[in-house]
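Residue-level listing of the chains:
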Amino acid sequence: MTNSRPESAASPLMDTPQTLSDQPIGIFDSGIGGLTVVKEVMRQLPNERIVYLGDTARVPYGTKSDRTIKAFTLQSCLFLLEHDVKMIVIACNTASAVALDFIANMFKIPVIGVIVPGSSAAVGRSVKQRIGIIGTQTTVNSEAYPITIKKMNAETEVFSHACSLFVPLAEEGWLDHDVTQQISGEYLRHFAGTNIDTLVLGCTHYPMLSTTIQKSIDRIIGSPVGLIDSGVETAKIAKKILADKKLLSAKTPRGQHKFYVTDMPKNFVKVGERFLGSKMEDIETVNVEILGF
Ligand code: DGL
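Q: Please set out the side chain of T56 residue by residue, giving values where relevant.
A: By secondary structure assignment, the location of T56 is in the loop between β2 (50-54) and α2 (66-81). At a separation of 2.5 Å, a polar atom in the side chain of T56 contacts the main-chain carbonyl oxygen of D263. Beyond its immediate stretch of four places on either side in the chain, T56 contacts S30, G31, V261, T262, D263 and F268.

Here's what the structure looks like:
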């Protein structure tokens, strides 16, 4: 484990390198949860190399202020840019909700978040145009999902609720535990009477609990509710943007993915391999001070 920045680091604001299609995709999250998005990017874009940064020293973001999240997200994106990424995916719903607009136009490479892909899929799939959103407290407070959905279809009714305890339950591995079922029922009761037919899993961790969430919401609504995994939708959009810009890699990466964390690498691997559904080999700890200005 080392803490240094690479000697060959490029300026974050430099011009597009010649071999951009061979450069990795940068994926950023507040911690471990973004690995659900990485899993999807690996599945849908198997030739791409990934450089991941999980800000495990400063997680959770979901209970922090907009100002703090913007600063942390900018620092993390600058770190990824120094690793010559051709695109940045902000996998964290909270960071996407609060900081994407602030950051997206600062760089020459595409920077995407998870809110627009998740919203667009929800609007496309909801027959009744009645959509539920679950996420962290900060994501729900930001109203990023309802605002984005209403821009896509002003007629849509959106109902939101924060489900903060889902994050530790997913990390604990209590995916179908009695306690998780009970908590899920408590949270999702908020949607009783809304008649939603689509529910956006607006947090990186929630796809891990999708079986439990599906059972609770179907029971509470009284009819099947479609779940939207923002990570799945984000990987689709990332693929489309790279294809449109002729930036898809033709090479097979095999073991070249790189994972950086700002703290607790052992826990990151232990929990993360469950989220990712595969082994993580190349992990490095970066001092959180290095991300600061
Ligand atoms: N990654 C965060 C999100 O998707 C959840 C964990 C946190 O609060 O930082 O909103």
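Q: Would you mind going over helix α11 (residues 265-276) in detail, with residue names and values included?
A: Restricting attention to buried positions, one finds in α11 the residues P265, F268, V271, G272, E273, F275 and L276. Looking at the packing, one finds that the buried side of α11 touches α1 (35-44), β2, α7 (166-172), β9 (258-261) and β10 (283-285). Following α11 by one or two positions, G277 adopts a phi angle in the positive range, close to 75°.

Q: Describe the packing of α1 against α11, listing the residues and the values that go with them.
A: Put simply, α1 and α11 touch, their axes get as near as 8 Å, and they point 50° apart. By the criterion of interaxial angle, the relationship of α1 to α11 is oblique. At the point where α1 passes α11, the crossing takes the right-handed sense. Of the residues in α11, those in contact with L35, T36, V38, K39 and M42 of α1 are F268, G272, F275 and L276.

Q: I'd like a rundown of the site of the ligand, residues and numbers included.
A: The ligand sits among 13 residues. The nearest are S30, Y61, G62, T94 and T204. Y61 places a main-chain nitrogen or oxygen 2.7 Å from an oxygen atom of the ligand. One of the side-chain N or O atoms of T204 is found 2.9 Å from a nitrogen atom in the ligand. Compared with its free state, where it exposes 300 Å², the ligand has 99% of that area covered by protein. Here the shell around the ligand is composed, by residue class, of 5 nonpolar, 7 polar and 1 charged.

Q: Break down the pattern of salt bridges for me, with residues and values.
A: Following the criterion strictly, the structure yields 11 salt bridges and no others. The salt bridge involving E233 is made with K236; its shortest N-O contact spans 3.2 Å. Residue E233 and its partner K236 are located together in helix α10 (residues 230-244), separated by 3 residues, close to a single helical turn. The closest approach of N and O atoms between K240 and D244, which form a salt bridge, is 2.8 Å. Here K240 pairs with D244, and both are found in helix α10, just 4 residues apart, close to one helical turn. Judged by relative accessible area, which is 53%, D244 ranks as exposed. Through salt bridges with shared partners, one network takes in R125, E233 and K236.

What counts and how
Residues numbered from 1 in each chain as written. Predicted model: local features only at pLDDT ≥ 70, side-chain atom pairs only at ≥ 80, totals over all residues. Heavy atoms only, no water. Helix = DSSP H or I, 4+ residues; strand = E, 2+ residues; numbered from the N terminus. Polar contact = N/O pair within 3.5 Å; in protein donor to acceptor, adjacent residues only side chain to side chain. Contact = heavy atoms within 4.5 Å. Buried < 20%, exposed > 50% of the residue type's maximum accessible area, 1.4 Å probe, protein only. Axes fitted to C-alpha atoms, helices over the stretch in contact; angles between N-to-C directions. Parallel < 35°, antiparallel > 145°, perpendicular 65-115°, else oblique. Left-handed = near helix turned anticlockwise from the far one by under 90°. Near = heavy atom within 4 Å. Areas by Shrake-Rupley, 256 points an atom, 1.4 Å probe, with all protein chains shown as cover. Nonpolar A, V, L, I, M, F, W, Y, C, P; charged D, E, K, R; others polar. Salt bridge = Lys/Arg side-chain N within 4 Å of Asp/Glu carboxyl O.

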